[in-house]
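This is what each chain is made of:
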Amino acid sequence: MWDNALPSFLIGLREGLEAGLIVSVLVATLVRSGHRSRLPHVWTGVLAAIGVSMGFGAVLTFTSAGLSGQAQEAFGGALSVVAVAFVTAMVFWMRRSARSLSGEIREKVTAALGTGAGVLIITSFLAVGREGLETALFLWTTGQAAGDSAGPLVGAGAGLVLAAAVCWGLYRRVLHLNLTRFFTLTGAGLIVIAAGVLGYGLRDLQEGGVLPGATAYAFDLSGSIDSGSWYATLFSGTLNLTPQMTWLQVVAYGAYLVVVMVLFLRGVRGVRGAGTTAPVAAGPTAPRPAQAARRSLPAWVVPVAALAIPSLLAGVLVGVGDSKPASAATIAVSTADCGKGFGTPKPGQQTFQVRNGGDRTVEAYLIDPATAAVYGEAEGIAPGTTRALVATIGGGSYAWRCVPSSGKAVTSAAVRVSGSGAERAVLPVTAKDLAAPLASYRAYVQQGLAVLRGRALTLQHDIEDGRLARARADWLPAHEEYASLGAAYGTFGDFDAKINGRTAGLPLGLKDPGFAGFHRIEYGLWHGESAASLTPVARRLTADVVALRKDFPHQEFDPGDLPLRTHEILEATLQQELTTATDYGSGTNLATAEANIKGTQELLGLLRPLIAARDPKVLTDVGDWLRRTEATVLSARRADGSWTPVEKLPAATRQRLNGSMSQLLEELAPIPDLLEIRKSA
């Protein structure tokens, strides 16, 4: 985290100090002119500016999250270039304005006092808002470069806190600071950092397909430099210099750094010696000259400390106290040199940097070569990119398997590590392994659809004959039969909405023509509708069941979806049945929940041999919580066979049911990962 904090610390300090100085001058001017009552107007503008800045950061985050992978690269790269432009303009503007900042703001405040509260609010809002938007944009881009938000946020927070402390000290006259010198030194540091952000942004634009040259490398030291080492991490986190850079990155980095730094330093000579301590004092009586001399600090102390202390801390903390897993050498995972760079690894948790130097996307697996069991995996590694793979190394054999998007898989030479303590390797699952369970599941559903057709027809005849009391009794067995088939998350495509659809999302709700099937009949039977009005609905339900039964043998099923369904059925139960979202009058949500449990048990029975071969403890834990959950559900069944509605359960029972169902879902969660189909050829 600390290696990524310095750039954000510097921008937080710079922007925070700029905004803080402006606010300090605003406050000082109002206090000295006897207008303390107008201070709330300043704080209103400041708070509004902070809110807009935070909103801007949220918009950037959520906008990028909704884009495809390539579009995210292009979006992030474009904003990185924009951020560099803003930072460059900011350092030049502040270098010129440090001397006259106080006087300009006093003039604006004086003018605002004569025109009303609105102008004063707008003045503070615009002054602080500009700095806030620049900070949000730069933080977002540095967070993208870092790959996480913790380091940039910690660095920016520390910078803003220090800036607030400096501004308070200047206001109270306990601190003196040569602003011109301070902004010159920090400006030079930011120019260096901005050069790295520019290089990172251009690389993103190349990977996003906007700019050419994505594979034209000026140098590639990834084979000889450990990208996870403390020094590589420090350089990458602070300067965005990486062991592998394209010609475009290198040229842009060098050109920006030379041109902008020369122009910046040339302008500094024109204002050298003009900087003075910040003229923002107000309120308290100024200390006597001798007293001030004792309290004042040398002008160079704060800027030098602001740059040196975080840098030293970053080096020490990254080099000595890094809590991340130990990083192993970079491993090549292309088909041409799969496993190159892989020696005998050290025991313990390690992060392997796997790099695809080929021309095709690769799936990379760290495996036991004897059994093909997987210790760790990194999926979808694009050409020219590097991904991290974390694995715990212990006693055993290890090799790398590289599976390209097209072509044959390649396995590296094996190495042997003595000792113990490795993670349990997961035996790979192929589509062939799931073929038999899938066939059994299809047979189970086909048989259930035959039973469902008969029960739907019985329900239809009850309604056609006007025997609505009998229809209410026959509705539940038919609905339970459908629920036991495992119809969750569109299992049966469009048929699920026709047979068991809800009013959610329908424009006219209960009156919508699209509301059909079991729940439409349920609503009518328990809300006094006539047999004549329900007869067309019942006939349509039977016809849809018959159509599903005819269509089901021809429906395509991804074998990988079968393990997912063990979790999805009961997840839907928790979200719909136990919240009464699917109760349209019968109060039988718990009966449906029991049918869903039966469907889940059927699926687990089909997958049991595959799960037991990989992690038998999962079956033990799932079985335990299935029994607990089912016992709680069945406790709501009355002696006459009717069910207690969910909302009428005792509070303790309902809480226990929700808790046990949630825990059951936690125990089911590993199954899709255990039985994930992994490419092997």
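All residue numbers refer to position in the chain's written sequence, counted from 1. Local features in this predicted model are restricted to residues whose pLDDT is 70 or higher, and side-chain atom pairs enter the listing and the counts only when it is 80 or higher, whereas totals over whole chains, interfaces and linings include all residues. The side-chain numbers reported here are obtained from all heavy atoms of the structure, hydrogens and water having been left aside.

1. Re the overall build of the chain
- In terms of helices and strands, the chain carries 21 helices and ten strands.
- Here the open area of atoms and residues is found with the Shrake-Rupley method and a 1.4 Å probe, where only the protein chains shown may cover a residue. Total accessible area on the chain is roughly 30500 Å²; 59% of this is exposed by carbon and sulfur atoms. Helix and strand assignments follow DSSP, with helices taken as H or I runs no shorter than four residues and strands as E runs no shorter than two, numbered in order from the N terminus.

2. Details of the side chain of D512
- Counting through the fold element by element, D512 comes out in the loop between α14 (494–500) and α15 (518–525).
- Per-residue accessibility, obtained with a 1.4 Å probe over protein chains only, is compared with the maximum for each type, and a residue is labelled buried under 20%, exposed over 50%, and partly exposed between these values. Just so you know, the count uses Lys and Arg for positive and Asp and Glu for negative, and it drops His and the chain ends. Counted as salt bridges are all cases of a side-chain nitrogen of Lys or Arg within 4 Å of a carboxyl oxygen of Asp or Glu. Of the side chains bearing the opposite charge, R540 lies closest to the buried D512, which forms no salt bridge; the N-O distance is 8.4 Å.
- There is a polar contact of 2.8 Å between the side chain of D512 and the backbone nitrogen of G514.
- Only heavy atoms enter the contact rule, under which two residues are in contact if any of them lie within 4.5 Å. Excluding residues that lie within four positions of it along the chain, D512 makes contacts with L506 and P507. Counted as a polar contact is a pair of N or O atoms within 3.5 Å, where, for protein atoms, one must be capable of donating a hydrogen and the other of accepting one, and residues adjacent in sequence contribute only when both atoms are in side chains.

3. Thoughts on the state of the cysteines
- What counts as a disulfide here is a pair of cysteine sulfur atoms lying within 2.5 Å. Applying the stated criterion across every chain yields a total of one disulfide.
- Note that C338 is cross-linked by a disulfide to C402, the S-S spacing being 2.0 Å. With the S-S bond torsion at 80°, the cross-link from C338 to C402 turns out right-handed. Residue C338 is located in the loop between β3 (326–332) and β4 (348–355), and its partner C402 is located in strand β8 (residues 396–404); the two are separated by 64 residues in the primary sequence.
- The exposure class assigned to C402 is buried, which follows from its relative accessible area of 0%.

4. With respect to unusual backbone geometry
- A positive phi angle is found at A372, which is not glycine, with a value near 70°.
- Within the secondary structure layout, A372 lies in the loop between β5 (362–368) and β6 (373–381).
- Looking at A372, the relative accessible area reads 19%, which means it is buried.

5. Remarks on the environment of R539
- In this fold, R539 is placed in helix α16 (residues 531–551).
- Placed 22 residues apart in sequence, R539 and G517 show a C-alpha to C-alpha distance of 9.5 Å.

6. Things to note about the pairing of β6
- Between any two strands, at least two bridges found by DSSP are needed for them to pair. In terms of strand pairing, β5 meets β6 through six bridges, oriented antiparallel. When the sheet's bridge partners are listed, V362 is paired in β6 with I381.
- Hairpin remark: β5 followed by β6, antiparallel, with four residues in the connecting loop; positive phi at A372, about 70°.

7. Description of the pattern of salt bridges
- For the coordinates displayed, the defined rule picks out eleven salt bridges.
- Here R467 and D465 are joined by a salt bridge, their closest N and O atoms 3.4 Å apart.
- The class for R467 is partly exposed, based on a relative accessible area of 39%.
- Overall, D465 belongs to the exposed group, its relative accessible area being 52%.
- Between D621 and K617 there is a salt bridge whose closest N-O contact spans 2.8 Å. With a gap of four residues between them, D621 and K617 both fall in helix α19 (residues 616–634), about one helical turn apart.

8. Details of the packing of helix α13 (residues 468–483) against α15
- An axis is simply a line fitted to the C-alpha atoms; with a helix, the fit covers only the stretch in contact. Between two such axes, the angle follows the N-to-C directions and lies from 0 to 180 degrees. Packing of α13 against α15 brings their axes to within 11 Å, and their N-to-C directions diverge by 155°. Overall, the two elements α13 and α15 adopt an arrangement that is roughly antiparallel. In the crossing of α13 with α15, the sense of the turn from one axis to the other is left-handed. Facing L468, A471, R472, W475, A478, H479 and Y482 of α13, the residues of α15 in contact are F518, H519, I521, E522 and L525. Orientation categories follow fixed angle ranges, with anything under 35 degrees roughly parallel, anything over 145 roughly antiparallel, 65 to 115 roughly perpendicular, and all other angles oblique. Working rule for handedness: look at the near helix, and if it is turned counterclockwise from the far one by less than a right angle, call the crossing left-handed; if clockwise, right-handed.

9. So, a nonpolar patch on the surface
- Every patch collects residues that have over 30% relative accessible area and no salt bridge, joining them within 9 Å if they carry like charges and within 5 Å if they are nonpolar side chains (Val, Leu, Ile, Met, Phe, Trp, Tyr). A cluster of nonpolar side chains, V258, V259, V262 and L263, forms an exposed patch at the surface whose accessible area comes to about 330 Å².
- You can see V258 is positioned in helix α9 (residues 247–271).

10. Here we look at the nonpolar core
- Of all hydrophobic cores here, the largest spans 65 residues; its most connected members are F518, I521, L590 and I611.
- Ignoring sequence-local partners within four residues, the contact set of I611 consists of L604, P616, V618, L619, I671, L674 and L675. In plain words, nonpolar cores are sets of buried Ala, Val, Leu, Ile, Met, Phe, Trp, Tyr and Cys residues tied together by side-chain atoms within 4.5 Å.

11. Details of the environment of A164
- By the secondary structure assignment, A164 is in helix α6 (residues 150–171).
- Separated by 147 residues in the primary sequence, A164 and L17 place their C-alpha atoms 6.9 Å from one another.

12. Considerations on helix α12 (residues 435–464)
- Multiplying 1.5 Å by the helix residue count minus one yields the expected span of that helix. Its 30 residues give α12 an end-to-end C-alpha distance of 43 Å, which sits within 8% of 44 Å, the value for a rise of 1.5 Å per residue.
- G466 occupies a position one or two residues after α12 and carries a positive phi of about 80°.

13. Brief notes about the packing of aromatic side chains
- In this analysis, rings of Phe, Tyr and Trp, with Trp reduced to its six-membered ring, are considered paired at centre separations within 6.5 Å, and the interplanar angle assigns stacked below 30 degrees, edge-to-face beyond 60, and tilted for intermediate values. In this structure the tally under the stated criterion is eleven aromatic pairs.
- When the centroid spacing of 5.8 Å and the interplanar angle of 90° are considered together, the rings of F342 and W400 count as edge-to-face. With F342 in the loop between β3 and β4 and W400 in strand β8, this residue pair connects regions lying 58 residues apart in the sequence. Each member of the pair, F342 as well as W400, is classed as buried.

14. What to know about the confidence of the model for the chain
- On average, residues of the chain carry a pLDDT of 78, and 73% of them reach 70 or more.
- Element-level pLDDT for the chain is lowest in helix α10 (residues 289–295), with a mean of 39, against a maximum mean of 97 in α15.
- The score called pLDDT rates the predictor's confidence residue by residue, from a low of 0 to a high of 100. When the criterion is pLDDT under 50, residues 273–327 qualifies, and its contacts beyond four places in sequence or with other chains add up to 84 contacts.

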